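Structure assessment
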Amino acid sequence: MRAQGRNDITVQLQDGTYRLQQPLQFDASDSGADGHPVHWQAAPGAHPLLSGSRLVQGARDGVLWSFTLPSDAAPSSIYIDGQRRWPSRTEACPHCVVDAKGLSNVPPAILHSLQVGSLAVMHERWRDFRCSVVALGQGRVDLAQPCWHNATLDSAKNGWSVASPVGKYYAGVDWFENLAGDPSAPGGYTVDTAHHVLRYRPLPAEAAHAPSIELPALEQLLVLKGVSKTPVHDLVFSGITFAGTEWRKPASADGYVPLQAGYLVDGSRRTALPDNGEGMTRIASAVAVEAGRDIVFDRDSFQHLAAAGIALAGGTHGAAVTNSRFTDIGGGGIFAGDTEGHPVDPASKTSDILITDNRIDHVALAYRDNVAIMAGFVDGLVIAHNTISDLPYSGISVGWGWDYEGETPVQSSIHIEANRIERVMLQLADGGAIYTQAQSTPGTSCVVRNVTDMRHSGEGNGIYLDEHSTYFDVQHNVVLGAWVSAWASWSGHLRITDNWTGGAGKPHNAGPTKVWSPNFTNLKTLPTAALAVQGAAGARDGQPEPALPIRVPAACPKP
């Protein structure tokens, strides 16, 4: 069609569920023309769903349902009538004792329910861990290597082990899953791996139903992959639902060992973790864009996913996720950017990313260290007018590198504006509704006109300027139930002014280059200006699809 000179091409998807046998792959040859994208969109009135799951019919086996699985299936969750069901779990093991090989002092009742392949799940502060059982002994289990080794590693400078199974915050195992035998509690299932049979104990309301499950199979649904010189470009995906993914890595020898926010420690023979977090791998995502240019996802839905929703990285320049819905996701909602602060090829650092008017809730259901929106190093990033709630850890996280990327900027034009965030930090610690790291180019980055409501959240900050957060303006935000933290003496050049809070609003490590006043504190009711900010924050209806090319202004919007 391009050869015929047709520049404006629309591909309409009709209503229905499209069950994929493999991920859809796009490269540079599938691109639109500059300024004339190919639109892949729902037909009028249609709701197309791209699914990576299989419909499996079962049989009754007494009070249980029994399903024969494909030989390669190892489900981390299943779906019944659109509702996620988790594998059966044990009770917590608060007195399990950590050693180099695994865990001892495992109670007999728990040990009896385990098998090789069971997963030990635990969290410490902001990190969540999953390592599989490789051997059972008298009152103990050995856990997979290198997973367990990496889970207990430290870094030379950063003290990562404080938030690990050998750190002072260790409180035992949250639960074991992938259990032996039949499921005991309604709504749970077990898998007989030798015979490839899944057994499910239905809830009372399900007991009369015909046994049927959605079995997620594919790890990815859509992959857009270019290279630096020939990017995949000028594509728009609109009105499409992405659902039904699986993710098998946590059951592997590497397990699930995060450093922070869905970035993982893999591989054997590690003697320490990197202080700056470089060299980490990212949790899988249903949709991935690498080396893309002017790519748009608008009015899409991401749901029923095992790992993350979408990732825009690997030298992507100009991409947008707008007016979309993210819910019922095992990992994070949206990832943007990279973890290398000073790449050899500057073009490999992602830039000009727009994330606006999305509704994101009930994500990070399985991998609790994940966040709604996570951005590593990006030059040009707008996170604006998103509504975010119901998360185990932070809402928005930007930046990387802690205090180990030197004294030159590693990001620029980070604009976090008019988001509404509440009910976060519900399980993990040391985070916040909005979390930042790293040094920005002076005069380009800001956190303005956001509403962070921590009154029904867990331990955390409203706005958390962590570690080496430098050159951020934090202004005209409504910060309820918590305050702003800039605790590190090596953070600086921060202007924290004209914010509203019901608390005392005391400076947290004031520092010579941190401006902490004026702010409006100890408020019983919000003034008119704060109410206007509150009313304007969050996702808006009816916003247009972003125009191409996508470029982020260097300067922040006026507060």
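Here we summarise the structure given alongside this text. (Residues numbered from 1 in each chain as written. Predicted model: local features only at pLDDT ≥ 70, side-chain atom pairs only at ≥ 80, totals over all residues. Heavy atoms only, no water.)

1. Re the environment of Asp294
Put simply, the test is: Where helices and strands are cited, they refer to DSSP runs of H or I of at least four residues and of E of at least two residues respectively, numbered from the N terminus. In this description, contact between two residues means that some pair of their heavy atoms is separated by no more than 4.5 Å. Identification of polar contacts relies on pairs of N or O atoms within 3.5 Å, with a donor-acceptor requirement for protein atoms, meaning one able to donate a hydrogen and the other able to accept it, and with residues adjacent in sequence counted only if both atoms are side-chain atoms.
Structurally, Asp294 is set in strand E27 (residues 292-298). Other than its neighbours up to four places away in sequence, Asp294 contacts His233, Asp234, Leu235, His317, Gly318, Leu548, Pro549, Ile550 and Arg551. Within the structure, Asp294 has its side chain in polar contact with the side chain of Arg551 (distance 3.4 Å).

2. A look at the state of the cysteines
Short version of the rule: Counting rule for disulfides: a pair of cysteine sulfur atoms within 2.5 Å. Burial classes: relative accessible area under 20% of the type maximum marks a residue as buried, over 50% as exposed, and values in between as partly exposed (1.4 Å probe, protein chains only).
Inspection of every chain in the model, using the stated rule, returns three disulfides. Between Cys93 and Cys96 runs a disulfide, and the two sulfur atoms are separated by 2.0 Å. Classification of the bridge connecting Cys93 and Cys96 rests on its S-S torsion, roughly 95 degrees, and on that basis the disulfide is right-handed. On the accessibility criterion, Cys93 (1% relative accessible area) is buried. Using a relative accessible area of 2% as the deciding quantity, one classes Cys96 as buried.

3. Some thoughts on the sheet that holds strand E45 (residues 470-475)
Short version of the rule: Here, any two strands with at least 2 DSSP bridges between them count as paired.
A sheet is described by the order of its strands in space; here twelve strands give the open sequence E1-E4-E21-E27-E30-E33-E36-E39-E42-E45-E48-E50, paired in parallel fashion. Two strands lie at the open edges of the sheet, namely strand E1 (9-13) and strand E50 (514-515), each paired on one side alone. As paired elements, E27 and strand E30 (residues 317-322) share five bridges and run parallel to each other. From the neighbouring strand, Arg293 faces E30, where its bridge partner is His317.

4. Some thoughts on the nonpolar core
Inside soluble globular proteins, nonpolar side chains tend to come together where they are buried. In plain terms, the rule: The criterion is simple. A nonpolar core is a set of buried Ala, Val, Leu, Ile, Met, Phe, Trp, Tyr and Cys residues joined through side-chain atoms within 4.5 Å.
Formed by 120 residues in total, the largest nonpolar core has its most connected members in Leu103 and Phe176. Leave out the neighbours within four places in its chain, and Phe176 touches Ser88, Arg89, Thr90, Cys93, Leu103, Ile110, Leu114, Leu119, Ala120 and Val141. Val56, Phe67, Ala73 and Val191 belong to the second-largest nonpolar core, a separate cluster that totals 13 residues.

5. Considerations on unusual backbone geometry
Geometrically, the link from Gln145 to Pro146 is a cis peptide bond, its omega value of 15 degrees lying close to zero. Residue position: Pro146 is located in the loop between strand E15 (140-143) and helix H2 (147-151). Backbone geometry at Asn178 places phi at a positive 60 degrees, although glycine is not the residue there. Turning to its location among the elements, Asn178 is positioned in the loop between strand E16 (175-177) and strand E17 (189-192).

6. Considerations on empty space enclosed by the protein
Stated precisely, the cut-off is as follows: Cavity: a set of points on a 1 Å grid over the protein atoms alone where a 1.4 Å probe fits but cannot get out. Pocket: an open set with protein on both sides within 12 Å along at least five of seven lines, its lining residues, like those of a cavity, having an atom within 4 Å of a point. Grid points are joined across faces, edges and corners, and a volume is the space filled by probe spheres set on the points. In this count, Pro and Cys sit with the nonpolar residues alongside Ala, Val, Leu, Ile, Met, Phe, Trp and Tyr, while Asp, Glu, Lys and Arg are called charged and the others, Gly among them, polar.
According to the stated counting rule, one finds two cavities of 30 Å³ or more in the structure shown. The computed volume of the largest cavity comes to approximately 60 Å³. Among the residues making up the lining of the largest cavity, the classes are represented as four nonpolar, two polar and four charged. In this structure, the second largest cavity spans a volume of roughly 50 Å³. Residues that form the lining of the second largest cavity fall into these classes: five nonpolar, five polar and one charged.

7. Regarding the pattern of salt bridges
Cut-off, in case you're wondering: Salt bridge, as used here, is a side-chain nitrogen of Lys or Arg placed within 4 Å of a carboxyl oxygen of Asp or Glu.
Evaluation of the coordinates by the stated rule reveals 28 salt bridges. Between Glu214 and Arg19 there is a salt bridge whose closest N-O contact spans 2.7 Å. One end of the pair, Glu214, is in strand E19 (residues 212-216); the other, Arg19, is in strand E2 (residues 16-19), with 195 residues separating them in the sequence. Here Arg19 falls in the partly exposed class, since its relative accessible area comes to 35%. Glu422 is the salt-bridge partner of Arg423, the closest N and O atoms lying 3.8 Å from each other.

8. Observations regarding the side chain of Ser164
By the element assignment, Ser164 lies in the loop between H2 and E16. On the accessibility criterion, Ser164 (0% relative accessible area) is buried. Once you skip the residues sitting within four places of it in the chain, Ser164 turns out to touch Glu124, Arg127, Phe129, Ala151, Thr152 and Tyr170.

9. Comments concerning the sheet that holds strand E23 (residues 258-260)
Pairing is antiparallel in the open sheet, where three strands are placed in the order E23-E24-E25. Single-partner strands in this sheet number two, and they are E23 and strand E25 (281-282). Bridge count between strand E24 (residues 263-264) and E25: two bridges; the pairing is antiparallel. In the sheet register, Tyr263 faces E25, and the bridge partner there is Arg282.

10. Some points on the environment of Tyr435
Tracing the sequence through the fold places Tyr435 in strand E41 (residues 432-436). We classify Tyr435 as buried; its relative accessible area is 1%. Leaving out residues up to four positions away in the same chain, Tyr435 has contacts with Gln260, Ser394, Ile396, Ser397, Val398, Trp402, Tyr464 and Asp466.

11. Looking at the pairing of E45
As paired strands, strand E42 (residues 446-448) and E45 are joined by three bridges and run parallel to one another. Bridge pairing in E45 links Val448 to Gln475. With five bridges joining them, E45 and strand E48 (residues 492-497) adopt parallel strand pairing. Each bridged residue has a counterpart across the sheet, and for Val474 the counterpart in E48 is Ile496.

12. Some thoughts on the packing of aromatic side chains
Filter applied, for reference: Centres within 6.5 Å make a pair out of two Phe, Tyr or Trp rings, where for Trp the six-membered ring is used; the pair is then stacked when the planes are under 30 degrees apart, edge-to-face when over 60, and tilted otherwise.
On inspection of all chains with the given rule, the structure shows 19 aromatic pairs. Arranged with centres 5.0 Å apart and planes meeting at 15 degrees, the rings of Phe237 and Phe297 form a pair that is stacked. Separated by 60 residues along the polypeptide, Phe237 in strand E21 (residues 232-238) and Phe297 in strand E27 bring together distant segments of the chain. The pair formed by Phe237 and Phe297 is uniform in burial state, with each residue classed as buried.

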